[in-house]
Amino acid sequence: MALSPDEFYAHALTAADDEHRLPLSRMTGWDISPFEQDGLRVAPLRPPVLPEPPRQGEDAADCTACGRGDEGIWSDDRWWLSQITGFGVPLALMLHPREH
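Along each chain, residue indices are assigned from 1 in the same order as the chain's sequence is written. Per-residue local features are limited, in this predicted model, to residues with pLDDT of at least 70; the limit for side-chain atom pairs, both in listing and counting, is 80 or more; totals at the level of whole chains, interfaces and linings are taken over all residues. Heavy atoms from the whole structure form the basis of all side-chain values; hydrogens and water molecules are not counted.

**Q** I'm lost on the overall build of the chain in this one. Help?
**A** Secondary structure elements follow DSSP: runs of H or I of four or more residues count as helices, runs of E of two or more count as strands, with numbering from the N terminus. Helices and strands together make up the secondary structure of the chain, namely one helix and three strands. From first element to last, N terminus to C terminus, the chain shows the α and β order α-β-β-β. Put simply, the radius of gyration uses C-alpha atoms, and a globule should come to 2.2 Å times the residue count raised to 0.38. Scaling as 2.2 N^0.38, a compact globule of 100 residues should have a C-alpha radius of gyration of about 13 Å, whereas the chain reaches 20 Å, well beyond that. Taking the principal axes of the C-alpha coordinates as reference, the chain spans close to 50 × 40 × 25 Å. Exposed residues in this analysis have more than 50% of their type's maximum accessible area, buried residues have under 20%, and partly exposed residues fall in between, with area computed by a 1.4 Å probe over protein chains only. Burial analysis of the chain (100 residues in total) assigns 14% to the buried set. We call two residues in contact when some of their heavy atoms are within 4.5 Å. Looking at the chain alone, contacts between residues at least 24 apart form 24% of all its contacts between residues at least 6 apart.

**Q** Can you walk me through the confidence of the model for the chain in this structure?
**A** Do not read the predicted coordinates in detail wherever pLDDT is low. Of all residues in the chain, 99% have pLDDT values of 70 or greater, and the mean over the chain is 84. The pLDDT value expresses, per residue, how confident the predictor is, ranging between 0 and 100. Ranking the helices and strands of the chain by mean pLDDT puts helix α1 (residues 5-13) first, with 92, and strand β3 (residues 93-97) last, with 89.

**Q** Please explain the pairing of strand β2 (residues 79-83) as it appears in this structure.
**A** Remark: a regular strand shows side chains that alternate across the two faces of the sheet. Here β2 shows a clear split, with Trp80 and Ser82 buried on one side and none of Trp79, Leu81 and Gln83 buried on the other. By the convention used here, strands pair only if DSSP detects at least 2 bridges between them. As judged from the two bridges shared by strand β1 (residues 74-75) and β2, these two strands associate in the antiparallel manner. By the bridge assignment for β2, Ser75 is matched with Trp80. Counting the residues in the hairpin turn of β1 and β2 gives three residues. When β2 meets β3, the two strands line up antiparallel, connected through five bridges. Bridge pairing in β3 places Trp79 opposite Pro97.

**Q** What's the story with the pattern of salt bridges in this structure? I'm lost.
**A** Opposite charge on two side chains allows them to pair when their charged atoms are near. In what follows, salt bridge is the name for a side-chain nitrogen of Lys or Arg lying within 4 Å of a carboxyl oxygen of Asp or Glu. One pass over the full model with this rule turns up two salt bridges. Measuring nitrogen to oxygen at the nearest pair gives 3.2 Å for the salt bridge that ties Glu19 to Arg21. Residue classification places Glu19 among the partly exposed residues on the basis of a relative accessible area of 48%. Between Arg55 and Glu52 there is a salt bridge; the shortest N-O distance is 2.5 Å.

**Q** Would you mind showing me how to read the sheet that holds β1 here?
**A** Within a sheet, neighbouring strands are paired by backbone hydrogen bonds and run either parallel or antiparallel to one another. Read across the open sheet, the three strands follow the order β1-β2-β3; overall the sheet is antiparallel. Here the strands that pair on one side only, and so sit at the sheet edges, are β1 and β3.

So, in structure tokens, the structure goes:
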């Protein structure tokens, strides 16, 4: 059975420090990591907020993706594929359903 948000939060806190911060990922110690461990901190855990605030685009009338279904790289009756820019990678794609 899945944990409730409060149970998940309590479970996560068992691994956190006194400031409610989880430990850094082991990847930060790898030679190829772009970060130095000294000074790199993980944000403190925050308790869940119920009910959750509405997410951008949750309502179909406010969804920016729903209005752009013909602007993608590829599409069919059920899906459309778009390119996402602004990331530090050569190519990032997002597959969107046609139905909201």
